[in-house]
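# Structural overview for review
Below are the chains, spelled out letter by letter.
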Amino acid sequence: MKLSRYFIGIFLISLATLALEISLIRFFSISQGHHFAFMVVSIALFGIAASGTFLTIKKIKNPLFFSSILFSLSVLIGFFITNNIIFDPFKAILNFKHTFVLLIYYIFLGFPFFFFGIIIAYSFLKFQKKAGKIYFYNMSGSAVGTLASLFFISYFNIKTILVISLIGLVSSLFFTNNPSSKSRIYKKSIKEQKKKNKKNKIIILLLILINLSLFLVPLEINISKYKELSQALNVPNSRLIGTKYNSFSRVDIVESSFTRYAPGLSPTFKGDLPEQIGVTTDAGGMNSITKYENLDFIDNLPLSIPYFLSENKKTLIINSGAGLDVLAALKNNASVTALEANPIVIDLLKNEYADYSGNIYHKANVVWGEGRSFIKKNKGEFDIIVLSLAGNVLSSSAGISGLSENYLLTKEAFEVYYDSLSEDGVLVVTRWLLFPPRESLRLFSLALEIDNKAKKTAMFRSWTTVTLVLSKKDINQATAEKIKNFAEKNKFDIIYLPLDFTPNKNLKFKEPYYYNSIQNLLKDKNEFYKEYVFDISPVTDDKPFYFNFFKISKIRDLYDLVGQKWNPFFDSGFLIFFVLIQALVVSIIFILLPINFFNKNKENKKIRKKPLVYFFAIGLSYLFIEIVLIQKFILFLGHIIFSSSVIIFSMLLFSGLGALYSQRFRIKKLNKIIFIIFILVLIYIFLLKFIIDLFISLNLIPKIVLSIMLIAPLGFFMGFPFPLGIRTIRKELIPWAWAVNGSASVLSPILAVLMALLLGYNFVLFLAVVIYLISLIFIIPKPYQLMEQT
C-alpha cells in the first residue's frame, strides 16, 4: 500500500480528534458549565499521554486499523455514558463518593484520545525517518478539524458526535492494509492479505450503516438541574418554545414565570410586569424579551439613570442582549446604537419576536459586534455609553475566583469608553450586587484609573444590583441632585457621590458595608488593595480576569468570611487548581511508569533519557504560546470562538508545514530555529498590543486574514522542534517521548492561565521562549552521539 493512502488516514483521524475535543467542550458547557467542561476535557486529553506510556510498556504490531475502529466506537460510548450520568456538585460536597462520577467521565472520554494517540505514536515509531511528514498530516488534519467542528456543531448540533465517529470509521478504511517499510504486513501472501482486507472493509461498512442509522434516533443533551434553563422548565406551566444553535452557542427560548427579568427593580414599583419570554445561552445567562406593553416599570430600574442625567441622548449600548436596555433608551426618546455579539439573539428580535418586542431592534441601529472595536472603527462621540447587564444573578460570577477573560471591563476598555464620551457624556455600568463587597469595589477601582480624584464618579445600589456612573466632567451640584432624586424616588441607596449624601438610607444593611469599603479605598487605595480580603484592584488587558477576586495570601480570612456558603465545584478558580493537582498526579504516573519496564532490557539502560526533558519542555512551550495568543486575539477578533478558531487553525496548519519542511534539516540546525522563535516571540511581546490597537477597527474578514499572517511565521518555525527531536532520538524512546510531550501539553494550558492570573500573559510568552532555549541542552547531541537517520 502506498504511504499517501496511509497519510490520508492520519489526516482524517486527526481531524476527528480535534473536532471531538472542541465538541465535548461545547456540549459540556451547555450541560454543566464552561469551567466544568474545561476540567473534564483537560483530564480526558491525558488519554493521548497514556497511549505513549502503553506503547512503551507493551510492544504491539500494527494497531492502526483496530485503533481507528475503537476510536469511533469509544466516541459514541463515552458520550452516551457521560451524557446520562450527571455529576451533581452539591452531592459531591455532601458525599465524597459521588466524585467518582468524575473518574467515569475521565475514563470513558479519555478512550478516544487514547486510541488516537496509539495511531500517531505508532506511526512515529514505524516511520521515524518520515516524522516530519507524519507530523504534517497530523497537524494539518487537526487544523481542518478546528474549522470543521464549528460547521458540524452549527448544522448537526448534538449529532456532531455521530459525524465525528463516522469520520473515524472512514479513516480506518485507509488503515486496512497497514504499511510497513517493505509494503507488506507479517510477510503474508498477497492472497491472504486481500482476504483479510475484504473482511475488514465489510466490518467498517456495517459499522458505518449502524452509525448512519443513529442519525434517525432523537438525541438530547441532559442539562444539569442547577442550570437556569432546567430551573425555568421546572416551574409549573412552563414550556420550551424553541432551540437554536450556532458554532459558539445554544440559545433556548422558554415560556416560564421564572423568566421575569427586571434587574434591580425598585421596591416602590407596585404594578404588574409585562409578559416576557425567557432566552438562555448555553442553558444559562437567563435574559428576557419583554412584550411591548405596560412599560412603566422601566423608569424604576437602575438602567434608566442615564436618561435622567443627560438631555442629549445619543446612546451606545454594549451587549444589548434581549433588548431591555434598548427598550429603556427608546422609551426615553434616545437615538440608539446597540451592539450584540450573538446573531441568533439579533435574529429573534428582528424577525420572530419583532412584533412582540415592539420592533425595538428595527427602531434602533443594531450591530453585530464587540464594543471596543466598534468604538475604534466609528470614532464618534456618544452622550451615553451603557454596558448592559445581561443574564440572571445566578449566572453571574458570584464565585471567588472566576477565570473568564473580559476585555470590556479592563482599565484600557474604560479609557476607550471615556474618550468616546461627548463633553456632557456619561458611562453607565450596572452589575450584580455581591456580598461581601468585591465586584462593586473593582468597578469603582476601574473608574479611579480614569478619575483619580473621584470627582466624576457616582455609585448606587438596589437590593440586587450596583450601578456605576462615570461622567466626562466633574459631577456638579445639579447632577448630584438628579442622582439623589432618582435614588430617593426609587428607594435605592447611594454608595458614593463626590458631594454630600446619606449612605445606607433606604435599603439598610446592619452596617453601610459598601459605603465604608469605598471610603477606605479612597483613603489609600494601594494599601486597601494590599490588605483587603479580596483582590479588587483594577484589571488590565494583560491580566483581564475581571471576575477573579481570590487572594492566596488571604485564604484563611476568606474561609472564615465565606465558610460553607461556598461550593468549590461552582467556582472556576477552585476547579482550575483541582484540575492542576489531578493533572500533576496523572502526569507523574504516565511519565515515570515506563521506567522499570524500559530498563528491563539491558540495551535500553544505555539509552540517554535526557531527550525526554526536551519533549516535555517543547510541549509546555508550544501550548503556552498558543494559549496566550488565543487570549490576546479575543480583543482583536471580538469573540473567543473567532480567536480560538483562527489561532488554533493557523498554529496547527503552519506548524504542519514547518514540520514537513523540517525533513530537509538535521538536529544541528535546531538552535537556529529556536533562536528565530525567540526573536519572533519578543516581537509579539513588544508590538502585538500596538498592532491590535492599530487595526482593531477593520472588518472581521480583514482582521482574520491579518491574524493568520501574523501567526504564520511563528507557527511555521514552531513546527520544527518535535519532528526533529523524533528523528534524532533512539527508536525505543519514541513512545515514551510521546507520553511525556502529551502530559506537558495537557498541563500547559492550566499553568498558562494560573501564571497569567498572577503575572500576566506577556510573562507567560517570555517564559515559553526561555523554556524553548533551555530545551536545547537536552536534545542536541555531541558529535559522537549523533544518531539521526537520513
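Let me sum up the structure you'll find in this document. A quick note: this is a predicted structure, and the numbers were derived from the prediction, not measured. Per chain, residues are indexed from 1 in the order of the written sequence. Under the rules for a predicted model, residues below a pLDDT of 70 receive no local features and side-chain atom pairs below 80 are neither given nor counted, while totals for whole chains, interfaces and linings still include all residues. Side-chain measures here rest on the full set of heavy atoms in the structure, leaving out hydrogens and waters.

### Focus on the nonpolar core
- For our purposes a nonpolar core is just a set of buried Ala, Val, Leu, Ile, Met, Phe, Trp, Tyr and Cys residues, chained together by side-chain atoms within 4.5 Å. Burial classes: relative accessible area under 20% of the type maximum marks a residue as buried, over 50% as exposed, and values in between as partly exposed (1.4 Å probe, protein chains only). Of all hydrophobic cores here, the largest spans 164 residues; its most connected members are F124, I625 and L629.
- Per element, the largest residue contribution to this core is 19 residues, and it comes from helix α25 (residues 610–637).
- When checking whether two residues touch, look at their non-hydrogen atoms; a contact exists if any pair is within 4.5 Å. Ignoring any residue separated from it by four or fewer positions in sequence, one finds I625 in contact with M651, V681, L714, M718, L765, A768 and Y772.
- Of all hydrophobic cores here, the second largest spans 55 residues; its members include A262, Y307, V426 and V428. Think of it this way: any DSSP run of H or I at least four residues long counts as a helix, any run of E at least two long counts as a strand, and we number them from the N terminus.

### Some words on the side chain of S357
- Position of S357 among the secondary structure elements: in the loop between α13 (343–352) and α14 (360–363).
- On the basis of relative accessibility, which here comes to 1%, the residue S357 falls in the buried class.
- In this structure the side chain of S357 is engaged in a polar contact, spanning 2.8 Å, whose partner is the backbone oxygen of Y353. For the purposes of these results, a polar contact is taken to be a pair of N or O atoms within 3.5 Å, where, inside protein, one atom must be able to donate a hydrogen and its partner to accept one; residues adjacent in sequence count only when each atom of the pair is a side-chain atom.

### Quick word on unusual backbone geometry
- With omega at 0 degrees, the peptide bond leading from F435 into P436 counts as cis.
- Unusually for a residue other than glycine, N359 sits at a positive phi of about 55 degrees.
- Structurally, N359 can be placed in the loop between α13 and α14.
- Residue classification places N359 among the partly exposed positions, given a relative accessible area of 26%.

### A word on the environment of A712
- Note on placement: A712 falls in helix α28 (residues 700–718).
- The buried category is assigned to A712, whose relative accessible area is 13%.
- Considered as a pair, A712 and S655 are 57 residues apart in the sequence and their alpha carbons are 8.3 Å apart.

### Some words on empty space enclosed by the protein
- A 1.4 Å probe that fits into a set of points on a 1 Å grid over the protein atoms alone but cannot get out defines a cavity; an open set with protein on both sides within 12 Å along at least five of seven lines defines a pocket, and lining residues are those with an atom within 4 Å of a point. Grid points are joined across faces, edges and corners, and a volume is the space filled by probe spheres set on the points. Here the structure, examined in full by the defined rule, presents 5 cavities of 30 Å³ or more.
- Reported here for the largest cavity is a volume of approximately 80 Å³.
- For the lining of the largest cavity, the secondary structure elements donating two or more residues are α1 (3–31) and α4 (64–84).
- The class makeup of the residues in the lining of the largest cavity is 6 nonpolar, 5 polar and no charged.
- Roughly 50 Å³ of volume is contained in the second largest cavity.
- Each residue belonging to the lining of the second largest cavity can be placed in one class, and the counts come to 6 nonpolar, 2 polar and 1 charged. Three classes are used, and their members are as follows: Ala, Val, Leu, Ile, Met, Phe, Trp, Tyr, Cys and Pro are nonpolar, Asp, Glu, Lys and Arg are charged, and the others, Gly among them, are polar.

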